[in-house]
Amino acid sequence: MGLESKAAAERAVKAVIDGISAGIKKDGTVQVMGFGTFTVKSRAARKGRNPQTGEAIKIKASKTVGFKAGAALKEVAAKTRGKK
């Protein structure tokens with residue numbers, strides 16, 4: 001891949017991510033036809049453990065982005081099962 005191709009690919013990926021980010025901020029959900037749906041999900045506060053010390057800690061409630069694959073993407077994945 002040449003430098004021009006790599007730069008163009010980087011710009012395209014950045015544009016897609018920027019578009020998804022803007023859509024999530026505005027509507028809380030973005031559907032990319034043939035690919036999937038990104039949605040804002042809430043995580044409740046919960047208890048956890050520090051893996052280094054084993055000490056119990058409180059984890060604050062937060063929001064994250066979930067992704068659900070669309071039919072076309074699921075179909076591609078189904079055809080590749082068992083391949084490494």
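These numbers come from a predicted model, not from an experiment.

*Asks:* I tried to follow the overall build of the protein chain on my own but got confused; where do I start?
*Replies:* Each helix and strand counted, the protein chain has two helices and five strands in total. In sequence order, the secondary structure elements of the protein chain are arranged as α-β-β-β-β-β-α. Taking 2.2 N^0.38 as the reference for a compact globule, 84 residues should give roughly 12 Å; the C-alpha atoms of the protein chain span a radius of gyration of 18 Å, well beyond that estimate. For the protein chain, buried positions account for 11% of its 84 residues. Long-range contacts, defined here as pairs at least 24 residues apart, represent 32% of the contacts in the protein chain between residues at least 6 apart. Accessible surface, the protein chain as shown: approximately 7,300 Å² in total, 58% of it carbon and sulfur.

*Asks:* Explanation requested: the pairing of strand 2 (residues 36-43) in the structure shown.
*Replies:* Bridging between strand 1 (residues 29-32) and strand 2 involves four bridges; their strand directions are antiparallel. Bridging across to strand 2, Thr-29 finds its partner in Thr-39. Looking at chain direction, strand 2 and strand 5 (residues 62-69) are connected through eight bridges and run antiparallel. What sits directly across from Val-40, in strand 5, is Val-65.

*Asks:* Just checking my understanding: could you explain the pairing of strand 3 (residues 46-49) for this structure?
*Replies:* Across a regular strand the side chains alternate sides, sitting on one face of the sheet and then on the other. Inspection of the sheet shows strand 3 paired to strand 4 (residues 56-59) by four bridges, in the antiparallel sense. Bridging across to strand 4, Lys-47 finds its partner in Lys-58. Linkage of strand 3 to strand 4, two consecutive antiparallel strands, is achieved through a turn of six residues, within which Gly-54 is found at a positive phi near 80 degrees.

*Asks:* Hey, could you run me through the pattern of salt bridges in this one?
*Replies:* Two side chains carrying opposite charge are able to pair once their charged atoms lie near each other. Under the criterion given, the structure shown has two salt bridges. The closest approach of N and O atoms between Lys-14 and Asp-18, which form a salt bridge, is 2.9 Å. Within this pair, Lys-14 and its partner Asp-18 are both found in helix 1 (residues 3-27), separated by four residues, close to a single helical turn. Relative accessible area serves as the criterion here: at 39%, Asp-18 is assigned to the partly exposed category.

Analysis parameters
- Residues numbered from 1 in each chain as written.
- Predicted model: local features only at pLDDT ≥ 70, side-chain atom pairs only at ≥ 80, totals over all residues.
- Heavy atoms only, no water.
- Helix = DSSP H or I, 4+ residues; strand = E, 2+ residues; numbered from the N terminus.
- Rg over C-alpha atoms; globule rule 2.2 N^0.38 Å.
- Buried < 20%, exposed > 50% of the residue type's maximum accessible area, 1.4 Å probe, protein only.
- Contact = heavy atoms within 4.5 Å.
- Areas by Shrake-Rupley, 256 points an atom, 1.4 Å probe, with all protein chains shown as cover.
- Pairing = 2+ DSSP bridges.
- Salt bridge = Lys/Arg side-chain N within 4 Å of Asp/Glu carboxyl O.

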